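# Observations on chain architecture
Here are the chains, one letter per residue:
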Amino acid sequence: MSDFRHGTLARFLLAEESMIPRVTVPELGRMKRDGRRMVCVTAYDYTFARLFEKAGVEILLVGDSLGMVILGHETTLPVTLDQMIYHTTAVVRGASRALVVCDMPFGVCHGPPHVVMDAAARVLKETGCQAIKLEGGVRMVETIHFLTDHQVPVMAHVGLTPQSVHAFGGFKVQGRGEEAARRVLEDALAVERAGAFAVILEGVPSPLAQAITARLTIPTIGIGAGPGCDGQVLVGYDLLGLFDGIQPRFVKRYLEGGQGIVEAVEHFAAEVRSGVFPGPEHGFDP
Ligand code: KIV
């Protein structure tokens, strides 16, 4: 082996060769160009991040939906930046292959771009995640520009943006009718021009999402936006049947996990009460 093979660079290259590479922002662009659909699931902790990654998802989104499914709030509005950082740090520890994206919570992105940049820098430095997500189209253009100019990869989010729940008068489908559809299209085009690497299309009519997907060069990731997007995202707790709060019609439950958990804990409780658990195999010899 030459001296070169013993060098630092060589060790780095050999380590790289033996690792499954992490999904990157450019890779998502290639997936769109190749017509490969991408899969995104929301995760809020280490254990679920590991399980979802084992299932092969490309993107783990630490969504501010954690305010509803983890913290029990009625909307995502009360979530703080510290809470997002706390949960994203745990997800990053469980993810070696998926791209981890941290949602910017309500109130953080409404300041001037350099203030949002400070918050995004905190997120990237403190959590080790690879990108941030923020809600809003045309109104967020200046901020997205500033962040991407400063090397922060931004996933945008347009259509039914949950942080606008009060302005919308509820969690309502957006983009119905010609004028509303034009506004959603403009939002999507604007975030692409500003430098976003992908855009979530939430709660918009399927033909509109399909038309937007055809117009954009960046990937669209749909939720309640029909099959015409480049990828799909679901809240992990919804697809596993763990969350029994709001059940949007676009959710498909792939497991009745909540019921499974109740039954398992009932079983445990019955065995404790009857003295079956713990058995001798669960104890320690003197
Ligand atoms: O907060 C979230 O989980 C989201 C996704 C559902 C897109 O924004």
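Scroll up a little and you will see the structure.
Residues numbered from 1 in each chain as written. Predicted model: local features only at pLDDT ≥ 70, side-chain atom pairs only at ≥ 80, totals over all residues. Heavy atoms only, no water.

The subject of this paragraph is the sheet that holds strand β1 (residues 38-42). Here we have eight strands rolled up into a closed barrel, ordered β1-β2-β3-β4-β5-β6-β7-β8, and parallel in their pairing. Across the sheet, the mean angle from the axis of one strand to that of its neighbour is 25 degrees, orientation sign disregarded. Pairing analysis gives four bridges linking strand β2 (residues 59-62) to strand β3 (residues 99-103), with the strands arranged parallel. Within the sheet, the bridge partner assigned to L60 lies in β3 and is V100. (Pairing = 2+ DSSP bridges. Helix = DSSP H or I, 4+ residues; strand = E, 2+ residues; numbered from the N terminus. Axes fitted to C-alpha atoms, helices over the stretch in contact; angles between N-to-C directions.)

Around the ligand, the neighbouring residues are T42, L61, G63, D64, S65, D103, K133, H157, I200, I223 and V235. Residue S65 places a side-chain N or O atom 2.5 Å away from an oxygen atom belonging to the ligand. The fraction of the free accessible surface of the ligand (260 Å²) that becomes covered by protein chains is 96%. (Near = heavy atom within 4 Å. Polar contact = N/O pair within 3.5 Å; in protein donor to acceptor, adjacent residues only side chain to side chain. Areas by Shrake-Rupley, 256 points an atom, 1.4 Å probe, with all protein chains shown as cover.)

Before going further, it helps to examine the pattern of salt bridges. By the definition in use, this model includes 11 salt bridges. Taking the shortest distance from any N to any O, the salt bridge between D34 and R36 comes out at 3.1 Å. Overall, the relative accessible area of 53% leaves D34 in the exposed class. For R36, a relative accessible area of 37% corresponds to the partly exposed category. Taking the shortest distance from any N to any O, the salt bridge between E179 and R183 comes out at 3.6 Å. Taken together, the residues E179 and R183, both in helix α10 (residues 178-194) and four residues apart, mark about one turn of the helix. (Salt bridge = Lys/Arg side-chain N within 4 Å of Asp/Glu carboxyl O. Buried < 20%, exposed > 50% of the residue type's maximum accessible area, 1.4 Å probe, protein only.)

Throughout the structure, instances matching the rule amount to four aromatic pairs. On the numbers, 5.7 Å between centres and 70 degrees between planes, the contact of F268 with F277 is edge-to-face. Assessed through its relative accessible area of 46%, F268 is described here as partly exposed. Judged by its relative accessible area of 31%, F277 is partly exposed. (Phe/Tyr/Trp six-rings, centres within 6.5 Å; stacked < 30°, edge-to-face > 60°.)

What is shown is where atoms sit, not what they do.
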